[in-house]
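# An overview of the molecular structure
So you can see what is in the structure, the chains are spelled out below.
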Amino acid sequence: MRSIYLITALIIILYLLLKKRNINIISFYIISSIIYYSPSFLGSMDIGFLGSPSMKFSFNTITYTLLWINLTIPFFYILITEKKQVDFSQFSSISHSPFFLNISVITIIILFVAVNITYGSSLYASTYDKISLLEQSNRFVVYFKTLCMFSLVYVLVGNVKTTIFQKAIIFGSNVFIIFILAHRSFMAIAILSIIYHIAKYKKIRLVQHWKYLTLGFLLLVLVIALKSFIGPIKTGNYELLFDRITDFDHYISVLIQNESTIITFNLNSIIDHNFIYPPEDYLYNNLILPFLPFLKNIHEPNLFNF
């Protein structure tokens, strides 16, 4: 099944690179999935956790089947809808509202204060403990980083006038989220959103824009590597920071042991151990509770204590 998955992924990559076509959100999903689950290409690999020796694991057939389905269904959708003629002119620009921007900046400031109050002095501790930071995360953090992400994209792609103060608040808040709260995923989403806004509704052949593809890859590596830079920055260990920034092998190590490797390993382990999550709990914790402000999960089982 691994060979089938690899061949399918290769065919899809070549199709998306070589065919002149409109870039849509489904294309982004497929490319992101291929990149995110790229550790599965290896068939087996060593993985290590904090404080534990590395262990070797192999991807099972069901994992490859699920990954194959995850690629083929959206790809068939692209093939079916590719020739459909759509007038995109009505979507060529986004609506710009100075009022929205003003409200966003005010809300960002309020949420910034709320985050600092709820975290307290631990937020600016001289030691770096991401697990502790994540354990203290709350709804204010979720609202704060989401609004900051949307505001950043809105300012960068929108033709809206902004003051120096508004730019300072929006850009400064995003830097705060990355280096103080240690959240990076929202930045990857923001970068993808900006790229999508630039490329959407234009018939292009991706392979002809290899310079932008290279830049996108370098930005991806930077987002992944930021995790290893945050600790030295927070602790003031700038010698270690410089060593990591200038060490090519460090980037290779970061790419091999990045978050996507852990997630792919989790997917494989869930299948290996026949792990079943109650659907009613999933619906409650992920589709209902997030829309109820200021509430914590009432039912939070300790699911991943291996």
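If you're wondering where the values come from, they're calculated on a predicted model, not measured in any experiment.

The secondary structure content of the protein chain amounts to 13 helices and four strands. Contacts in the protein chain between residues at least 24 apart in sequence constitute 76% of all its contacts with a sequence separation of at least 6. Accessible surface, the protein chain: about 18,900 Å² in total, of which carbon and sulfur atoms supply 68%.

What follows deals with the packing of helix α1 (residues 2–18) against helix α3 (residues 61–81). At a minimum axis separation of 10 Å, α1 and α3 run at an interaxial angle of 30°. It follows from the interaxial angle that α1 and α3 lie roughly parallel. As for the relative orientation of α1 and α3, their crossing is left-handed in sense. Counted together, Arg2, Ile4, Tyr5, Thr8, Ala9, Ile12, Tyr15 and Leu16 of α1 and Tyr64, Leu67, Trp68, Leu71, Thr72, Phe75, Ile78 and Leu79 of α3 form the full contact between these two elements. Grouping the constituent residues of the contact of α1 with α3 by class yields 13 nonpolar, two polar and one charged.

This part is about helix α4 (residues 98–119). Relative to the 32 Å expected for 22 residues at 1.5 Å per residue, α4 spans 32 Å between its end C-alpha atoms, a close match to the ideal helical length. For α4, the complete set of buried residues consists of Leu101, Ser104, Val105, Ile108, Leu111, Ala114, Val115, Asn116 and Tyr119. At the exit of α4 stands Gly120, carrying a positive phi of roughly 75°.

With 26 residues, helix α9 (residues 210–235) extends 38 Å from end C-alpha to end C-alpha; this agrees with the ideal 38 Å at 1.5 Å per step. When the local axis directions of α9 are compared, the greatest deviation, roughly 40°, occurs at Lys227. Along α9, the residues classified as buried are Val221, Val223, Ile224, Ala225, Leu226, Ser228, Phe229, Ile230, Gly231, Pro232 and Lys234. Trailing α9 by a residue or two, Gly236 shows a phi angle of about 75°, which is positive.

Right, let's talk about the environment of Val157 for a bit. With respect to the helices and strands, the residue Val157 is situated in helix α6 (residues 139–157). The class for Val157 is buried, based on a relative accessible area of 19%.

Moving on, we get to unusual backbone geometry. You will see that Asn274, though not glycine, has its phi angle at about 50°, which is positive. When you line up the elements, Asn274 lands in the loop between α12 (259–272) and α13 (279–288).

Both the distance between ring centres and the angle between the ring planes are used here to describe each pair of aromatic rings. Scanning all chains against the criterion turns up nine aromatic pairs. Judged by centre distance (5.9 Å) and plane angle (40°), the rings of Tyr5 and Phe41 are tilted. Of this pair, Tyr5 sits in helix α1 while Phe41 sits in the loop between α2 (25–36) and β2 (44–47), placing them 36 residues apart in sequence. On the numbers, 6.0 Å between centres and 50° between planes, the contact of Tyr5 with Tyr64 is tilted. Taken together, the residues span a long stretch of sequence, with Tyr5 in helix α1 and Tyr64 in helix α3 at a distance of 59 residues.

Attention shifts here to a negative patch on the surface. Judged by side-chain charge, Glu239, Asp243, Asp247 and Asp249 come together as a negatively charged surface patch. Position of Asp243 among the secondary structure elements: in helix α10 (residues 238–246).

Before going further, it helps to examine the confidence of the model for the protein chain. In the predicted model, the protein chain carries a mean pLDDT of 77, and 80% of its residues have values of at least 70. By mean pLDDT, the top-scoring element of the protein chain is α3 (89), and the lowest-scoring one is helix α5 (residues 130–135) (68). For the stretch residues 88–92, pLDDT sits under 50, and the model shows four contacts to residues farther than four places along the chain or on other chains.

Turning our eyes to something else, we now look at the environment of Gly231. Topologically, Gly231 is positioned in helix α9. Given the relative accessible area of 11%, Gly231 is considered buried. Spatially, the C-alpha atom of Gly231 lies 8.5 Å from that of Phe179, the residues being 52 residues apart in sequence.

Turning our eyes to something else, we now look at the nonpolar core. Within the largest apolar cluster, 37 residues are counted, with the highest numbers of intra-cluster contacts made by Ile108, Val115, Leu123, Phe144, Ile170, Phe176 and Leu181. Counting residues per element, this core draws most heavily on α6, which supplies ten residues. In this structure, Ala9, Phe59, Leu71 and Phe75 belong to the second largest nonpolar core, which totals 16 residues.

Taken together, the side chains of Ile31, Ile35, Phe217, Leu218, Leu220, Phe248, Ile252 and Leu255 make up a nonpolar region of the molecular surface, amounting to roughly 690 Å² of accessible area. Contributing elements (two or more residues each) for the nonpolar patch: α2, α9 and α11 (248–256). Structurally, Leu218 is set in helix α9.

Next up on the list: the side chain of Ser151. Relative to the helices and strands, Ser151 resides in helix α6. Residue Ser151 is classed as buried on the basis of its relative accessible area of 1%. Ignoring anything within four residues of it in the chain, the contact list for Ser151 reads Ser104, Ile108 and Ile170.

What follows deals with the environment of Gln166. Residue placement: Gln166 occurs in helix α7 (residues 164–179). C-alpha of Gln166 to C-alpha of Leu101: the two residues are 65 residues apart in sequence and 8.2 Å apart in space. For Gln166, the contacting residues outside a window of four places in its chain are Leu101, Asn102, Val105 and Lys161. There is a polar contact of 2.7 Å between the side chain of Gln166 and the side chain of Asn102.

Rules used in this analysis
- Residues numbered from 1 in each chain as written.
- Predicted model: local features only at pLDDT ≥ 70, side-chain atom pairs only at ≥ 80, totals over all residues.
- Heavy atoms only, no water.
- Helix = DSSP H or I, 4+ residues; strand = E, 2+ residues; numbered from the N terminus.
- Contact = heavy atoms within 4.5 Å.
- Areas by Shrake-Rupley, 256 points an atom, 1.4 Å probe, with all protein chains shown as cover.
- Axes fitted to C-alpha atoms, helices over the stretch in contact; angles between N-to-C directions.
- Parallel < 35°, antiparallel > 145°, perpendicular 65-115°, else oblique.
- Left-handed = near helix turned anticlockwise from the far one by under 90°.
- Nonpolar A, V, L, I, M, F, W, Y, C, P; charged D, E, K, R; others polar.
- Expected span 1.5 Å × (residues − 1).
- Buried < 20%, exposed > 50% of the residue type's maximum accessible area, 1.4 Å probe, protein only.
- Bend = angle between axes of the 7 residues up to and from the residue.
- Phe/Tyr/Trp six-rings, centres within 6.5 Å; stacked < 30°, edge-to-face > 60°.
- Patch = residues over 30% accessible without salt bridge, like charges linked within 9 Å, V, L, I, M, F, W, Y side chains within 5 Å.
- Salt bridge = Lys/Arg side-chain N within 4 Å of Asp/Glu carboxyl O.
- Lys, Arg positive; Asp, Glu negative; His and termini not counted.
- Charge placed at Lys NZ, Arg CZ, Asp CG, Glu CD.
- pLDDT = per-residue confidence, 0-100.
- Core = buried A, V, L, I, M, F, W, Y, C linked by side-chain atoms within 4.5 Å.
- Polar contact = N/O pair within 3.5 Å; in protein donor to acceptor, adjacent residues only side chain to side chain.

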